[in-house]
Amino acid sequence: MKITLALLLCLTVFLISCGDKPKASTSDSAPSHATGRAETRGLEAAGAVGYDGAAIRHEVDNALNKTDVQNAETRKAMDQINAK
């Protein structure tokens, strides 16, 4: 009897937790899904486990953009040195 009651309770909790959950509202400052780099699109899937996937993607995009700028400056400096 106790085992049956425990199993029924577990099944009930499982079924309740599988229901549709309301989505958190996003602020206007959050980037839209269409913005950002194509290679970071998969980071938005972090929202499935409770993280703000759009914010993570935005931060990674910013870091990659800064890296690209730094690499371009380094290439430019190397070209100037090699041209002398």
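This one's a predicted model, so the numbers in the text were calculated from it and none came from an experiment. Residue numbers run consecutively from 1 along every chain, following the written order of its sequence. Where local features are concerned, this predicted model is filtered to residues with pLDDT of at least 70; where side-chain atom pairs are given and counted, the filter is 80 or more; whole-chain, interface and lining totals use all residues. Only hydrogens and water are set aside; all other atoms, that is, all heavy atoms of the structure, feed into the side-chain values.

(A) Highlighting the overall build of the protein. Comment: elements are numbered from the N terminus, with helices defined as DSSP H or I runs of at least four residues and strands as E runs of at least two. The helix and strand inventory of the protein stands at 2 helices and 0 strands. For the protein, the accessible area works out to roughly 7500 Å², and carbon and sulfur atoms hold 63% of it. Method for areas: the Shrake-Rupley scheme with a 1.4 Å probe, in which residue coverage is limited to the protein chains shown.

(B) Summary view of a nonpolar patch on the surface. In this scheme, patches are assembled from residues that exceed 30% relative accessible area and form no salt bridge. Like charges are connected within 9 Å, while nonpolar side chains (Val, Leu, Ile, Met, Phe, Trp, Tyr) are connected within 5 Å. When a carboxyl oxygen of Asp or Glu is within 4 Å of a side-chain nitrogen of Lys or Arg, the pair counts as a salt bridge. Residues Leu8, Leu11, Phe14 and Leu15 make up a contiguous nonpolar surface patch of about 430 Å² in total accessible area. Checked against the element boundaries, Leu15 lands in helix H1 (residues 2-17). The exposed category is assigned to Leu15, whose relative accessible area is 53%. Residue burial is assigned from relative accessible area. The probe radius is 1.4 Å, only protein chains are included, and a residue is buried under 20% of its type maximum, exposed over 50%, and partly exposed in between.

(C) Structural context of helix H2 (residues 53-83). Between the first and last C-alpha of H2 there are 44 Å, a value that for 31 residues agrees with the 45 Å anticipated at 1.5 Å per step. Looking only at H2, the buried set comprises Gly53, Ala54, Arg57 and Asp61. For a helix, the expected span equals 1.5 Å multiplied by the number of residues minus one.

(D) Structural detail: the pattern of salt bridges. Applying the stated criterion across every chain, the model contains 4 salt bridges. With a shortest N-O distance of 2.8 Å, Arg57 and Glu44 are connected by a salt bridge. Here the residue Arg57 occupies a position in helix H2, and Glu44 occupies one in the loop between H1 and H2, the gap between them amounting to 13 residues. Taken individually, Arg57 and Glu44 each receive the classification buried, so the pair is uniform in this respect. Residues participating in the shared-partner salt-bridge network are Arg37, Glu39 and Asp68.

(E) Layout of H1. When the terminal C-alpha atoms of H1 are compared, their 23 Å separation across 16 residues agrees well with the 22 Å that a helix rising 1.5 Å per residue should span. Of all the 16 residues making up H1, 0 are buried; the element is thus mostly uncovered.

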